[in-house]
Amino acid sequence: MKLLDFLAICTFIVSFTPLVIPKGQSQPFFIGIPYTMWMGFLVSIFFVLLTLLVSLTQKGEKDAD
Amino acid sequence: MLTNFIIAGLVYLTVLIFLIRRTRLKEKTTSSYLLAGGNIGFVIGLFTTAATLFSAFTVVGMPDFFRTHGIGAWIFLAVSDAMMVYALIRVGEILRRKARKLEFKGMAGLMVTTYGSKLAGYVAFGGAVIFLVPYISVQISGISIFLNAAFPEAIPVWGWSLMIVAIMILYSETGGLRAIMYNDTLQGVLLFVTLWVIGYSCIDHFGSISSMFEQVRSVKEELLSVPGPKGLFTPQFLIISALAIILLPFTQPQISTRVIIMKSNSALRNMAIGLGIVAILVILPTLFMGMYGAVLYPNASTQEFIGHVLLYDQASGIAAMGLIGLIAAAISTSDSQIFALGTELRSLLTMEDKKALFITRIFIAVFGAMALIFSIISSEHLVLLARTSFAGTAMMGPMILLGMLSSKKPSILMPVATIFALLTYILSIAGVLTASIWVLEMELFLFLCLVATAIIEVGIIHRLKQADLHE
């Protein structure tokens, strides 16, 4: 779980750096999609995947309800 | 088109009435009326949360944001929403444990218990009222102005607003939160289908996604990168927006209530994953609509552009569906917000349940009336006001999270600091105080101050208290 949190925090930070949002730069295009758009899409998918992994990790633990 | 709209509207109202009858409560208690019995399954939980989260600002504001400011709008909302579902799954279970242990009636009441001070509850309730009522109003007014423009001969703007508020209050008063949730499910499905039908027609216009971006590039290349043509999407703007959205499940009572009343942690986990997928799928067609507008209507006003993309450029059947989807989007968020304000008030009342519920129901109608009055006099920009609302409620985030996560009762330092932060933020929005301090925008500066206060509370005050106990 700590690894997942670490990955989430790192991705959060990276999302607001030129690695994902380079200023005024739309290149390189990937299958016709500008850079920030497909990087943003990947980040969104990555967070949903992290959520899925947390869910799978927590599933083993007993529910508190 | 008016005939198609009337037919679609009648079908929509018939299903609403059917759901009102199905969910009607004879015996109303806080648990059954305000908390839907605390037993919500994954599917209803997913759709009601999604419909509550994606409001008129998604249908109207996001396409316009993409059209005006470019693809940075994806980072602004879709990336932030995906981050939010991670926070939801990580902190949601802790919130549920604490809420169930302390007999949750509302977030304000929970703060009173966790802080051992009514001040914390008043701050949570006051912050919700101040930042949610204008947001509800601007949604209602936005949709009413749009409907009036579509059918200028029908009824005036205030007539549409009155009709929307009346529908919301009617089913909220009759069936409580359960009625809202079932209606949200209907409206969520409607919103989803509408967005995709219209989004697909926009892609169809270009032939493919790559051709769409190619044409946008030829019109205005700045739309394909950040900060966009008007320089809005700076890293700071995006960070503040992300923080505000990540904290939504804990700072906006209509969402935190839904997290708590899910029937099990397993249902919550499935809901969080589903919400992440739905967020991406809901925002994607608004990108297509925005890029369509950037090429075809680059200089049109928001209303003209939305009129074209939702109505005039569509077949009349789809246009009628677009209008109903728009109304559904506004209603499904506003009803939950108005009702959540009632729930928050109830959680602060310590009298007998029946009397407290009676007062709460009166105030739900009062909050509805307040939203109606504000909607008639307001004319703010939808997305930016939504963001202000998110940022305003996010100021309560550190206080709420500290109350939830702390094993001991914190001091009143956080509620007091939160009051100062909220006041400073309001004065900054009003232009009385500066909008930025040094290189930091006011929201980020205040948020960092509140985080620092929380660290002082945990690191120093807690330790001092423990040292006192040992002596």
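Higher on the page you've got the structure.
Everything in this summary refers to the structure shown in the same document.

Attention shifts here to the overall build of chain B. Assigned secondary structure in chain B consists of 20 helices and 2 strands. Along the first, second and third principal axes, the C-alpha set of chain B runs to 75 × 55 × 45 Å. Going through the 471 residues of chain B one by one, you find that 61% of them count as buried. Here chain B displays about 17,400 Å² of accessible surface, and carbon together with sulfur accounts for 67% of that area. Side chains of chain B carry 30 positive and 24 negative charges; the gap between the two charge centres is 13 Å.

A word on the environment of Ser436 of chain B. Mapped onto the fold, Ser436 of chain B is located in strand 1 (residues 436-437). Ignoring sequence-local partners within four residues, the contact set of Ser436 of chain B consists of Glu441 and Met442 of chain B.

What follows covers the pattern of salt bridges. Pairing is possible between side chains that carry opposite charge, provided their charged atoms lie close to one another. Tallying each qualifying case throughout the model produces 8 salt bridges over all chains. For Arg90 of chain B, the salt bridge identified is with Asp5 of chain A, shortest N-O distance 2.7 Å. Taken together, the residues Arg90 of chain B in helix 5 (residues 72-101) and Asp5 of chain A in helix 1 (residues 2-15) connect one chain to another. Arg346 of chain B is paired through a salt bridge with Asp353 of chain B; the nearest N and O atoms lie 3.0 Å apart. Arg346 of chain B gets classed as buried once you look at its relative accessible area, which sits at 2%. Among the ionic contacts, a cluster of salt bridges with common partners joins Glu214, Arg217 and Glu221 of chain B.

Apart from glycine, the bulk of residues carry a negative phi angle, and the bulk of peptide bonds sit in the trans form. Each neighbour pair has its own omega, and for Gln27 of chain A with Pro28 of chain A the value is -5 degrees, a cis peptide bond. That bond from Val226 of chain B to Pro227 of chain B is cis: its omega, 10 degrees, falls within 30 degrees of zero. Tracing the sequence through the fold places Pro227 of chain B in the loop between helix 9 (209-219) and helix 10 (235-246). For Ile31 of chain A, which is not glycine, the phi torsion reads 40 degrees and is therefore positive. Its location among the elements puts Ile31 of chain A in the loop between helix 1 and helix 2 (35-59). Residue Ile31 of chain A is classed as exposed on the basis of its relative accessible area of 65%. In this model, Glu103 of chain B sits at a positive phi of 50 degrees, which is unusual for a non-glycine residue. Tracing the sequence through the fold places Glu103 of chain B in the loop between helix 5 and helix 6 (107-115).

Cut-off values and rules
Residues numbered from 1 in each chain as written. Chains lettered and ligands numbered in written order. Predicted model: local features only at pLDDT ≥ 70, side-chain atom pairs only at ≥ 80, totals over all residues. Heavy atoms only, no water. Helix = DSSP H or I, 4+ residues; strand = E, 2+ residues; numbered from the N terminus. Buried < 20%, exposed > 50% of the residue type's maximum accessible area, 1.4 Å probe, protein only. Areas by Shrake-Rupley, 256 points an atom, 1.4 Å probe, with all protein chains shown as cover. Lys, Arg positive; Asp, Glu negative; His and termini not counted. Charge placed at Lys NZ, Arg CZ, Asp CG, Glu CD. Contact = heavy atoms within 4.5 Å. Salt bridge = Lys/Arg side-chain N within 4 Å of Asp/Glu carboxyl O.

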